[in-house]
Amino acid sequence: MNVVSVGGGAFQPYDVVVGRGLLAGAGQRIAPFVRGRTAIVSDETVAALHGPALQVSLQAVGIRSEIIAVPPGEASKSFAELERLMDRLLSFGLDRKDAIVALGGGVVGDLAGLAAALYMRGIDFIQVPTTLLAQVDSSVGGKTAIDTPRGKNLVGAFHQPRLVLADIDVLSTLPERQLRSGWAEVLKHGLICDADFFNWLGGEGGAGVRGDPAALEGAVVRSVEIKAAVVGADEKEAGRRALLNLGHTFGHAIEAELGFEEAALAHGEAVALGCCMAFRYSARQGLCDPAIAARVEAVIAAAGLPTRLAEAGQFAASNLLARMAGDKKAEGGGLTLILARGIGEAFVSKTETPETVLAFLKEEGAA
Ligand code: GLY
């Protein structure tokens, strides 16, 4: 078991506990943060799989809980579901000294976290992430949000959890594709700032994407350490936190063109492809050696993740560019892209011209 502390002065520090069999002892770890009861926000699938174990462990330390399950899937990150959730919390009678537990993946964590930020002007919440993506990314750092018809994550708040419990054992029930999708964010962390970690993931650590618990644990711990260091220094994404968007500007544009259809491309798959594109773009601009971009592509392909635009579908370069320019991360005249000088050497560029990006997208196979 490992404990990573998050927070560097900007917000109240909290622990991310990573280990095996944590769900059974979750009650004891959660107890200091709740009085006599808590609402467990989950989705219907996860609630059926892990809800009873969490409730039993809470009950063992005298905490009464109620499960509020939303339908699984991105559609639950909506105003309608947020309103329903608020109403359930009010009818359960939670007050400002109570806390919410988010049991699930990124959708549940984002929705429950936003509900916690808003409920009675803000109550505590605890994250129990059950997907790899949530364990290594969305449960840490306090970003919470819902979507609107105009785009994803456009309504939200920074609201840090009080505790994160990442139980490696719950990953054994994840569908293979979801595990691979989370793996993309793990690889991303190595690409941003830790070449040794990336090399380990490309070798022995690669067993994690095939479900090996020891490799998964190592991958989650190092990812959380990297994310903790970044968000501890820049909670509100004024600078360094933007590095965590490596692969996301290309990836979001591709996802948006596909209508955010999970069946067509899962988020992590889009990020994996986006990371390959960011490295190829960097190589094209003479910022990094093309051999490095090829190595990144090889490791990502070996993990069963897409590396080429054609694997995701057919795209018009001008549409992708418009999506990239419309991304909420775009600033001023230039496009903001996370680029790299090498593996583990990512940096933020705010000056990429639309013409260059358009030419690159065409070279990548967009029409
Ligand atoms: N997932 C990117 C961030 O938390 O900033």
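The notes below deal with the structure included here. (Residues numbered from 1 in each chain as written. Predicted model: local features only at pLDDT ≥ 70, side-chain atom pairs only at ≥ 80, totals over all residues. Heavy atoms only, no water.)

What to know about the pairing of strand S10 (residues 335–340)
With six of its six residues buried, S10 lies for the most part within the structure. Side-chain alternation along S10 places Leu-335, Leu-337 and Leu-339 on one buried face and Thr-336, Ile-338 and Ala-340 on a second face that is also buried. Note that S10 and strand S11 (residues 346–352) share five bridges and pair antiparallel. Residue pairing in the sheet places Leu-337 in a bridge with Ser-349 of S11. As consecutive antiparallel partners, S10 and S11 are separated by five residues, and within that stretch Gly-344 has a phi angle of approximately 85°, a positive value. (Buried < 20%, exposed > 50% of the residue type's maximum accessible area, 1.4 Å probe, protein only. Helix = DSSP H or I, 4+ residues; strand = E, 2+ residues; numbered from the N terminus. Pairing = 2+ DSSP bridges.)

Observations concerning helix H2 (residues 44–59)
The terminal C-alpha atoms of H2, which comprises 16 residues, lie 21 Å apart, in line with the 22 Å expected from a rise of 1.5 Å per residue. Structurally, the start of H2 carries an N-cap: the backbone nitrogen of Thr-45 is 3.0 Å from a side-chain oxygen of Asp-43. (Expected span 1.5 Å × (residues − 1). Polar contact = N/O pair within 3.5 Å; in protein donor to acceptor, adjacent residues only side chain to side chain.)

Points about the packing of aromatic side chains
Each aromatic ring pair is characterised by the separation of its centres together with the angle its planes make. Applying the stated criterion to the full structure yields five aromatic pairs. Ring centres 6.3 Å apart and planes at 55° place the aromatic pair Phe-250 and Tyr-281 in the tilted group. Of this pair, Phe-250 sits in helix H9 (residues 248–257) while Tyr-281 sits in helix H10 (residues 267–284), and the two are 31 residues apart along the sequence. Accessibility assignment for this pair places Phe-250 and Tyr-281 in one class, buried. Through a chain of ring-to-ring contacts, the aromatic side chains of Phe-250, Tyr-281 and Phe-360 assemble into a single cluster. Its guanidinium or amino end placed over the ring of Phe-92, Arg-37 lies 5.7 Å from that ring's centre, counting from NZ or CZ. Between the NZ or CZ atom of Arg-341 and the centre of the ring of Phe-347, over which it lies, the distance is 3.9 Å. (Phe/Tyr/Trp six-rings, centres within 6.5 Å; stacked < 30°, edge-to-face > 60°. Lys NZ or Arg CZ within 6 Å of the ring centre and 35° of its normal.)

Details of the sheet that holds strand S1 (residues 2–6)
Spatially, the seven strands line up as an open sheet ordered S1-S2-S9-S6-S5-S3-S4, and their pairing is mixed. Edge positions in the sheet fall to S1 and strand S4 (64–70), since each has one partner strand and no second. Taken pair by pair, the neighbouring strands of this sheet meet at an average axis angle of 20°, ignoring direction. Across seven bridges, strand S3 (residues 37–43) lies against S4 in parallel orientation. Among the inter-strand pairings, Asp-43 is bridged to a residue of S4, identified as Val-70. Here helix H4 (residues 106–118) sits on the sheet in contact with S3, S4, strand S5 (99–104) and strand S6 (124–129), set at roughly 170° to S5. Its contacts with the sheet place helix H8 (residues 213–233) against S1 and strand S2 (14–19), and it is angled at close to 15° to S1. (Axes fitted to C-alpha atoms, helices over the stretch in contact; angles between N-to-C directions. Contact = heavy atoms within 4.5 Å.)

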